[in-house]
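Observations on chain architecture
Residue strings, one per chain:
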Amino acid sequence: MPDLDRVREALQSSMTTWATVEVRGDQARVIPAPELEPLIAGLDRLAPQWSLHWACDATSPYVVRARLDVAGVSREGLAQAPTLPDAKLAALAELAQLFGISGGEGQWVDYDPEDGANVADLDAERELPAAPRPVALPPEPPRDPQMEKARRHIDDLLEQLKAAGKSGEAARILMRGYGETVDESRALYKQLKAILDQ
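Residues numbered from 1 in each chain as written. Predicted model: local features only at pLDDT ≥ 70, side-chain atom pairs only at ≥ 80, totals over all residues. Heavy atoms only, no water.

1. Brief notes about the pattern of salt bridges
- Within this structure, the stated rule accounts for eight salt bridges.
- Of the charged contacts, one joins Arg 186 and Asp 183 as a salt bridge, the two residues approaching to 3.6 Å between their closest N and O atoms. One end of the pair is Arg 186 and the other is Asp 183, both in helix α7 (residues 182–197) and three residues apart, which spans about a single turn.
- By relative accessible area, which is 46% here, Arg 186 ends up partly exposed.
- A cluster of three or more residues bridged by salt bridges with shared partners is formed by Glu 22, Arg 24 and Arg 29. (Salt bridge = Lys/Arg side-chain N within 4 Å of Asp/Glu carboxyl O. Helix = DSSP H or I, 4+ residues; strand = E, 2+ residues; numbered from the N terminus. Buried < 20%, exposed > 50% of the residue type's maximum accessible area, 1.4 Å probe, protein only.)

Below, the structure written as structure tokens:
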């Protein structure tokens, strides 16, 4: 069973985005928050059994609950924000704090109704999570033209899945790569095609 340190590591490494929690005229208060896709990938690597549940308690402003159950521990973040996506991110940030991940204080930035909060300067200042240490890989085997072709087919299908808004499901299938053999790649392609055809 994964320990809480590894859960915290997954949360910490996903703290790469910002949630707008308040808007006053041309200013917005933003807080650091976990980005959903990297968090999902980190939790999938960590534990086969985990769940993240959402509940929207109110609108205008949005009030969202995010409950994470992992490693035998449950935590629930509750946050409000002017938009539903920001309320979800803010709830994740609150949840991360309950696991001991401090994103720091909120900061005020310029805000444009069309473009949203301008966090470019904050991204430049902020120290992004440290990249995992590189691991020495074994020498690459000679390339198999059939495998290359299979990978190109999978890449084309991934573009279609992305356009259809189904890249999250595809990412879970390809967590361990494109397969070691042509047959494994074909099996993965069929799984991905099934998602596209749903």
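2. Topic: the sheet that holds strand β4 (residues 62–70)
- With antiparallel pairing, three strands are arranged side by side in an open sheet as β3-β4-β5. At either margin of the open sheet sits one strand with a lone partner, and together these are β3 (50–58) and β5 (73–81). The average angle at which neighbouring strand axes cross in this sheet is 15 degrees, direction not considered.
- In this structure, β3 lies alongside β4, joined through eight bridges in antiparallel fashion. Each residue of the ladder has a partner; that of Leu 52, found in β4, is Leu 68. (Pairing = 2+ DSSP bridges. Axes fitted to C-alpha atoms, helices over the stretch in contact; angles between N-to-C directions.)

3. A look at the sheet that holds strand β2 (residues 27–33)
- One open sheet accounts for four strands, arranged β1-β2-β6-β7; its pairing is antiparallel. The outermost strands of the open sheet, each flanked by one partner alone, are β1 (17–24) and β7 (116–117).
- When β1 meets β2, the two strands line up antiparallel, connected through seven bridges. Bridge pairing in β2 links Ala 19 to Ile 31.

4. Concerning the packing of helix α1 (residues 4–13) against helix α2 (residues 36–46)
- In the contact formed by α1 and α2, the axes pass within 8 Å of each other and the chain directions differ by 160 degrees. If you check the angle between α1 and α2, you find them roughly antiparallel. In this structure, α1 crosses over α2, and the sense of that crossing is right-handed. Residue-level inspection shows Arg 6, Val 7, Ala 10 and Leu 11 of α1 in contact with α2, the latter providing Leu 39, Gly 42, Leu 43 and Leu 46.
- For the contact of α1 with α2, a count of residues per class yields six nonpolar, one polar and one charged. (Parallel < 35°, antiparallel > 145°, perpendicular 65-115°, else oblique. Left-handed = near helix turned anticlockwise from the far one by under 90°. Contact = heavy atoms within 4.5 Å. Nonpolar A, V, L, I, M, F, W, Y, C, P; charged D, E, K, R; others polar.)

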